[in-house]
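The chain contents come next:
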Amino acid sequence: MPTASRPAAGDTASGGSASGDSPLTLATLRWPDVEAAPRRLLVVPMGSLEQHGPHLPLDTDTRIAVAVAVRACAGRVGVGVAPPIAIGASGEHADFPGTLSIGTAALTLVLVELGRHASLHWPAMLLVNGHGGNVPAINDALELLRAEGRSCQAWHAGVRSAPPADPDADVAPFALDAHAGRVETSIMLALAPDDVRLDLAVRGDTRPLAAIMSELRAHGTRHVSPNGVLGDPAGASAAEGERLLAQLTADLDETLTALLTTPEGGRFLLLSGALQAWGGPVWG
Ligand SMILES: [Zn+2]
């Protein structure tokens, strides 16, 4: 390509940004854009491709992680957002066609190699995780990456308590469910209503996750809940999903602000216990 027609490094590419007040959306940029931009933190959304009941799409966790990451990173200079890791560790859902899983050992290796490479060009990496089954791999990978002196952190999507009731609607507090129930159905109604089959939404096993965990680990989700739902999607709505998304985004936003305002110009080699504990109970 003639140099005369080549945009100067730092020019904004369509769909992405290398300057101004937007995060760097890596998939849409050219490498000179990234080289010319301030780079303080690489954010990597993580999800899964696994059954989410008869009514939600298989990539529900990935969409939620991406949506929260994009919302929380908006307006942050020096933050890059990578394409998501869209297949994770979903062995507990293996009995359902459509689920694809690479398992904990392979996912751990993926994260370690990704973190090693990312550290060549970014001072720190934050995994934004939307799937509970990914947690063991994330913990193992972060332990190794930190032992190698690399800065990395994880934030897990989880709602600590039911969202505040909408003053304009008669919404009672509800029990937070684990998988393809009211929480994820509401969020998907907010993000992609055309991809939610509410006519097929049915109640699954509604016992608390702690009560069924050993059964889940031993026999898989299909044994516990033949339709794949752990919870009850009844009562889900897009308005409730927006409130849940706002809650998650505020939580991640708080994490990002703290990470980016730590001493040493955004490097956070020394992580406090409080930072590592961030994020509520994980669902997925
Ligand atoms: Zn999920």
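Residues numbered from 1 in each chain as written. Predicted model: local features only at pLDDT ≥ 70, side-chain atom pairs only at ≥ 80, totals over all residues.

A short note on helix H6 (residues 209–219)
The buried fraction of H6 amounts to 0 of the 11 residues, a small share that puts the element mostly on the outside. Note on H6: the residue one or two positions beyond its end, glycine 220, has a positive phi of about 90°. (Buried ≥ 20, exposed ≤ 12 C-beta atoms within 10 Å, placed from the backbone. Helix = DSSP H or I, 4+ residues; strand = E, 2+ residues; numbered from the N terminus.)

Quick word on the pairing of strand S5 (residues 152–156)
Consecutive residues of a regular strand have side chains that alternate between opposite faces of the sheet. Within S5, 5 of the 5 residues are buried, which leaves it mostly tucked inside the rest of the structure. Residues Cys152, Ala154 and His156 of S5 are buried on one face, and the alternating residues Gln153 and Trp155, pointing to the opposite face, are buried as well. Relative to S5, strand S4 (residues 125–129) runs parallel, the two sharing 5 bridges. What sits directly across from leucine 127, in S5, is alanine 154. In this fold, the crossover linking S4 to S5 by way of helix H4 (residues 135–147) has right-handed handedness. (Pairing = 2+ DSSP bridges. Right-handed = clockwise from strand over helix to strand, strands pointing away.)

Here we look at the sheet that holds strand S2 (residues 41–46)
The parallel open sheet is built from 5 strands, whose spatial order is S1-S3-S2-S4-S5. Only two strands of the sheet have a single neighbouring strand rather than two, namely strand S1 (24–25) and S5. Examined bridge by bridge, S2 and S4 share 5 bridges and lie parallel to one another. In the strand pairing of S4, proline 45 is matched with valine 128. Those strands touched by helix H2 (residues 60–73) are S2, strand S3 (79–81) and S4, and its axis lies near 155° from that of S2. (Contact = placed C-beta atoms within 7 Å. Axes fitted to C-alpha atoms, helices over the stretch in contact; angles between N-to-C directions.)

Points about the confidence of the model for the protein
Taken as a whole, the protein shows an average pLDDT of 84; of its residues, 79% reach a score of 70 or greater. Below a pLDDT of 50 lies the segment residues 1–16, which in the model reaches 24 contacts outside its immediate sequence neighbourhood of four places, other chains included. In the model, residues 168–173 has pLDDT below 50 throughout and makes 6 contacts with residues more than four positions away in sequence or in other chains. (pLDDT = per-residue confidence, 0-100.)

A look at the pairing of S2
Of all the 6 residues making up S2, 6 are buried; the element is thus mostly covered by neighbouring parts of the structure. Alternating positions in S2 separate into two faces, Leu41, Val43 and Pro45 on one and Leu42, Val44 and Met46 on the other, with burial throughout. In this sheet, S3 lies alongside S2 in parallel orientation, the contact comprising 3 bridges. Directly across from leucine 42, in S3, lies its bridge partner glycine 80.

What about the nonpolar core?
Judged by nonpolar contacts, the single largest core of 57 residues is most densely connected at Val43, Val44, Val68, Ala69, Met125, Leu126 and Val128. No other element matches H2, which puts 8 residues into this core. (Core = buried A, V, L, I, M, F, W, Y, C linked by C-beta atoms within 7 Å.)

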